Amino acid sequence: MKFTCFAGPLAPFDLTGVTVTADALHAQRGHARFLVEDKKAHYALCVKKNQAGLYERLHTLPWREVTAKFYDRAEGHGRKETRVVQVLTVDDLDFPHAAQVARVVRHRTCLKTGRRSRETVYVITDLTSREPSPQRLAKIIRSQWVIENRLYFVRETAFREDASKVHTEHGPENTATLRSFAINCLRAAGHHNIAAGLREMSYEPFTRPLTLLGLR
């Protein structure tokens, strides 16, 4: 992922004082510097095992000494989920402007099969302990997953994105953009269930999509 793919879309906006969240793909030092130094913004960046060294460093922090925990529970998409959030202040982490690290343990139970799973992710932020409480930080982190649930989850379930046969050149990016465009158009038209909205469009495929776009 090139730096311009992150900084370019954000460059026109005034992000002063705004907390920008991003998934593990963007947990890069250059991105952190861009947000804090150039845009005067804050960041909350997820770190997963795709960055093995950084992930291991966060894994070895003294989490057992953290007694305060914040619990967040939710149910949806056919599962129950409990998120346990712990927060540590850091001053020696090799990451620009890092002030705190949160560990989020996600316990999931599939309502259909009863199968349980557990995932641990870490979040680095430049926000100090005097700014957001652990509960507020958990809400900031959660906002990133809301985007995933409202967009990426829908693209996979409604469009079967992972099964797409489009793999060459700019095809995957272009088709992903078209799927997101379709989802946003349906939501703007009042469709809360995207799959149902797609079925409705398919009943008259040569006219209803044009009506949705205001072209007839």
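Please refer to the structure higher up on the page.
Remember, predicted model here, so these are calculated numbers, not experimental data.

> What is the right way to read the pattern of salt bridges from this model?
Proximity of charged atoms lets side chains of opposite charge pair with each other. Under the defined criterion, the tally for this structure stands at 11 salt bridges. Put simply, Asp 23 and Lys 48 hold a salt bridge, and the shortest N to O gap is 3.6 Å. In this pair, Asp 23 is assigned in the loop between strand 1 (19-22) and helix 2 (29-38) and Lys 48 in the loop between strand 2 (42-47) and helix 3 (52-59), connecting sequence segments 25 residues apart. With relative accessibility at 23%, the residue Lys 48 sits in the partly exposed group. The partner of Asp 94 in a salt bridge is Arg 29, and the shortest N-O contact between them spans 3.7 Å. One end of the pair, Asp 94, is in the loop between strand 4 (79-89) and strand 5 (100-110); the other, Arg 29, is in helix 2, with 65 residues separating them in the sequence. The exposed category is assigned to Asp 94, whose relative accessible area is 60%. Under the relative-accessibility criterion, Arg 29 is labelled partly exposed at 31%. When salt bridges that share partners are traced, they join Asp 72, Arg 79, Glu 81, Arg 83, Arg 106, Arg 108 and Glu 119 into one network.

> In this structure, what is going on with helix 2? I would like to understand it.
Since the α-helix packs 3.6 residues into each turn, any two residues three or four apart lie on the same face. When we look at burial in helix 2, the residues that qualify are His 31, Ala 32, Phe 34, Leu 35 and Val 36. Following helix 2 by one or two positions, Lys 40 has its phi on the positive side, about 55°.

> What is the right way to read the side chain of Thr 125 from this model?
Here Thr 125 shows up in strand 6 (residues 116-125). Here Tyr 43 takes part through its backbone oxygen, which lies 2.7 Å from a polar atom of the side chain of Thr 125. Those residues in contact with Thr 125 that sit more than four places away from it in its chain are Tyr 43, Ala 44, His 97, Ala 98, Ala 99, Gln 100 and Leu 137.

Cut-offs and rules
- Residues numbered from 1 in each chain as written.
- Predicted model: local features only at pLDDT ≥ 70, side-chain atom pairs only at ≥ 80, totals over all residues.
- Heavy atoms only, no water.
- Salt bridge = Lys/Arg side-chain N within 4 Å of Asp/Glu carboxyl O.
- Helix = DSSP H or I, 4+ residues; strand = E, 2+ residues; numbered from the N terminus.
- Buried < 20%, exposed > 50% of the residue type's maximum accessible area, 1.4 Å probe, protein only.
- Polar contact = N/O pair within 3.5 Å; in protein donor to acceptor, adjacent residues only side chain to side chain.
- Contact = heavy atoms within 4.5 Å.

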